[in-house]
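Read off the chains here:
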Amino acid sequence: MKFFYHFGKYLLMMRDMLTRPENLHMYWKELLRQMNGIGVGSLIIIGVISLFVGAVTALQFAYQMGSTFFPDYLIGYIVRDTMIIELAPTLSGLVLAGKVGSNMASELGTMRISEQIDALEIMGVNPNGYLIMPKIIAAIFIVPPLIVLAALLGIYGGYWAAENYGISPANYQKGLLYLFDPFNVVIMTVKSVIFAFLIASVACYQGFYVKGGALDIGRASTRAVVYGSILVIFFDYIVALVLT
Amino acid sequence: MIEVKDLKKSFEDKAILKGITTSFEAGKTNLIIGTSGSGKTVFVKCLVGLLTPTSGTITYDGIEFTALSQREKKDIRTKIGMLFQGSALFDSMTVEENVMFPLNMFSKMTAKEKMDRVNFCLERVNLVGANKKYPAEISGGMMKRVGIARAIVLNPKYLFCDEPNSGLDPKTALVIDELLGDITHEYNMTTIINTHDMNSVMGMGEKIVFLHQGYKEWEGTRHQLLESDNETLYDFIFASDFLKELRKGAGQSIKLSK
Ligand SMILES: Nc1ncnc2c1ncn2[C@@H]1O[C@H](COP(=O)(O)OP(=O)(O)O)[C@@H](O)[C@H]1O
Ligand SMILES: [Mg+2]
């Protein structure tokens with residue numbers, strides 16, 4: 001029952017967000033601020049994680065193959081596809097659910113508790129439109145490039161690890177080009193857009209309706225991270241089911 | 001002038017306002033007083049439409065606010081300024097950007113005109129040289145001033161203040177009160193102020209509405225206040241035994257400045 005109550009309220013929040021901006025320029029500025037926050041704030045952590053995940057994937061695959069008859073170059077192929085299809089979008093999704101999700105929820109929660117949202121409304125600004133819409137749009141535009149970057153860095157991490165393991169760069173590169181299916185990139189993009197939307201909208205919902213005090217902001221941002229992560233994994237499965 | 005008729009507000013089954021009828025005049029500082037938790041904030045939030053009353057009507061200079069659509073309410077809101085209890089400044093913006101925000105959203109002024117208006121308002125609240133500071137970097141009293149400057153930047157007809165001097169030292173509180181009084185008279189605004197601070201009540205109460213247990217227990221001017229024989233009001237004003245003794249000692253001879 002509670003689920004339906006929250007889902008209904010979530011839908012209403014999304015509906016109220018879709019009004020004509022009072023002033024396009026101000027909304028645009030807010031959008032840029034959010035894009036900057038999400039992008040710059042997440043670049044380093046996503047970069048570091050992807051590099052190492054790519055490296056680990058390469059190492060472990062090389063280890064698993066051991067002295068079997070599989071050719072070396074398959075490492076490039078495996079790293080490329082696991083990064084693109086699964087690891088880059090899902091791991092980045094989880095990291096972003098933590099970082100961006102908690103950020104958005106606590107920003108909105110603070111604005112709610114300190115009556116900044118009321119202040120906007122009194123001025124005649126639609127707070128859903130001005131605060132939530134730019135966050136969701138910014139996420140949808142910034143998360144996919146971040147995830148593409150994650151995939152590239154992962155592949156580079158794999159390259160680096162494979163070389164240290166004794167696999168020639170030429171072979172790794174050969175693997176990278178082996179049986180490349182552009183549709184996998186489509187899967188990655190679809191996942192990134194869905195994850196971005198889910199993470200941002202759920203975090204906004206949690207933050208926007210905070211009641212109480214500072215502790216409740218903390219709770220809301222924890223919920224944003226937990227629900228965001230679960231949804232990322234769940235929709236990862238759904239997309240895999242539908243698109244493969 | 002704002003008129004309120006039989007305003008009621010409940011949360012779930014908890015009645016907070018149980019039928020309030022009163023009016024607030026233009027060019028005057030109208031005070032809503034009452035103990036903490038008596039529903040002052042709820043009352044003001046109903047007046048400006050941040051909360052929807054359970055029943056009753058609110059009329060702004062003849063326009064029935066409670067009957068308006070969301071969009072029509074937005075029009076009235078551009079004539080409303082509000083100072084929140086915690087100032088409610090936007091954390092991500094500087095003092096200057098905070099005050100300029102309503103102008104950026106709603107006015108068609110040039111950048112220079114906006115800047116001039118912002119500086120004018122900041123000077124009006126005696127705050128100069130803090131333009132580039134963030135809310136986290138200034139004191140509570142300064143935040144209130146920025147809040148006032150932001151509230152008046154669009155020349156509102158109606159100004160609402162929720163406990164404008166809570167959390168301030170008595171001296172700063174007095175300055176803020178005087179400022180609000182001056183601005184009200186200068187621009188002939190309908191100003192409504194929530195407070196439980198007796199200094200403010202005696203200093204600026206041109207019209208006072210006393211809320212108690214969801215009802216309007218008493219209303220009048222500050223001059224009538226001391227002569228009132230309303231027991232509940234008496235208890236509220238002379239909250240401490242010390243004050244009560246003092247009042248007995250002084251008889252009825254406490255005089256107010258004009
Ligand atoms: N959104 C709300 N939901 C439920 N109860 C509320 C809400 N807002 C205020 N109240 C209750 O209304 C009463 C009056 O609160 P308030 O108007 O803030 O008092 P005051 O401003 O006079 O100190 C309090 O008991 C408070 O718990
Ligand atoms: Mg209050």
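Caption draft 1: Structural view of the interface of chain A and chain B. Opposite the 20 residues of chain A that make contact, chain B presents 24 residues. Between chain A and chain B the total buried area reaches about 1900 Å² when both faces are included, carbon and sulfur atoms providing 63% of it. By the criterion of area lost to chain B, the three top residues of chain A are Glu115, Ile122 and Met123 of chain A, representing 36% of everything that side buries. Linking chain A to chain B there are three salt bridges.

Caption draft 2: Quick look at the confidence of the model for chain B. Residue and element names in this part refer to chain B. Of the residues in chain B, 93% have a pLDDT of 70 or more, and the chain-wide mean is 90. Within chain B, helix 10 (residues 241–250) has the poorest average pLDDT of any element, 66, and helix 3 (residues 95–106) the best, 96. In the predicted complex, the global pTM is 0.91; the interface-specific ipTM is 0.89.

Caption draft 3: View of the sheet that holds strand 1 (residues 2–11) of chain B. Residue and element names in this part refer to chain B. The four strands are arranged 2-1-4-5 in an open sheet whose pairing can be described as antiparallel. The strands lining the two open edges of the sheet, one partner per strand, are strand 2 (14–24) and strand 5 (63–64). In this sheet, strand 4 (residues 55–60) lies alongside strand 1 in antiparallel orientation, the contact comprising five bridges. Opposite Val4, over in strand 4, you have Ile58 as the bridge partner. In the packing of helix 1 (residues 40–48) onto the sheet, contacts are made with strand 1, strand 2 and strand 4, and the angle to strand 2 comes to roughly 60°.

Caption draft 4: Spatial organisation of the packing of helix 3 (residues 74–113) of chain A against helix 5 (residues 127–165) of chain A. Look at helix 3 of chain A against helix 5 of chain A: their axes get within 7 Å of each other, and the N-to-C directions meet at 145°. Where helix 3 of chain A crosses over helix 5 of chain A, the two elements pack in a sense that is right-handed.

Caption draft 5: Seen up close, the site of ligand 1. Residue and element names in this part refer to chain B. Every residue close to ligand 1 is listed here: Phe11, Lys14, Ile16, Thr35, Ser36, Gly37, Ser38, Gly39, Lys40, Thr41 and Val42. One nitrogen or oxygen atom from the main chain of Gly37 is found 2.7 Å from an oxygen atom belonging to ligand 1. One of the backbone nitrogen or oxygen atoms of Val42 is found 2.9 Å away from an oxygen atom of ligand 1. In isolation ligand 1 offers 570 Å² of accessible surface; the protein chains occlude 63% of this area. When residues of the shell around ligand 1 are traced back to their parent elements, those giving at least two are strand 2 and helix 1. Of the residues forming the shell around ligand 1, the biggest block, three residues, is contributed by helix 1.

Caption draft 6: Expanded view of the sheet that holds strand 6 (residues 80–83) of chain B. All names here are of chain B. Here six strands make up an open sheet; going across it, the order is 6-7-8-3-9-10 and the pairing mixed. The outermost strands of the open sheet, each flanked by one partner alone, are strand 6 and strand 10 (215–220). Neighbour-to-neighbour, the strand axes of the sheet open up by a mean angle of 15°, direction not taken into account. Across six bridges, strand 3 (residues 28–33) lies against strand 8 (residues 190–195) in parallel orientation. Bridge pairing in strand 8 places Ile33 opposite Thr195. Of the strands in this sheet, strand 3, strand 7 (158–162) and strand 8 touch helix 6 (residues 170–187), which is tilted by about 135° from strand 3.

Conventions we followed
- Residues numbered from 1 in each chain as written.
- Chains lettered and ligands numbered in written order.
- Predicted model: local features only at pLDDT ≥ 70, side-chain atom pairs only at ≥ 80, totals over all residues.
- Heavy atoms only, no water.
- Contact = heavy atoms within 4.5 Å.
- Buried area = accessible area lost by both parts, 1.4 Å probe.
- Salt bridge = Lys/Arg side-chain N within 4 Å of Asp/Glu carboxyl O.
- pLDDT = per-residue confidence, 0-100.
- Helix = DSSP H or I, 4+ residues; strand = E, 2+ residues; numbered from the N terminus.
- Pairing = 2+ DSSP bridges.
- Axes fitted to C-alpha atoms, helices over the stretch in contact; angles between N-to-C directions.
- Left-handed = near helix turned anticlockwise from the far one by under 90°.
- Near = heavy atom within 4 Å.
- Polar contact = N/O pair within 3.5 Å; in protein donor to acceptor, adjacent residues only side chain to side chain.
- Areas by Shrake-Rupley, 256 points an atom, 1.4 Å probe, with all protein chains shown as cover.

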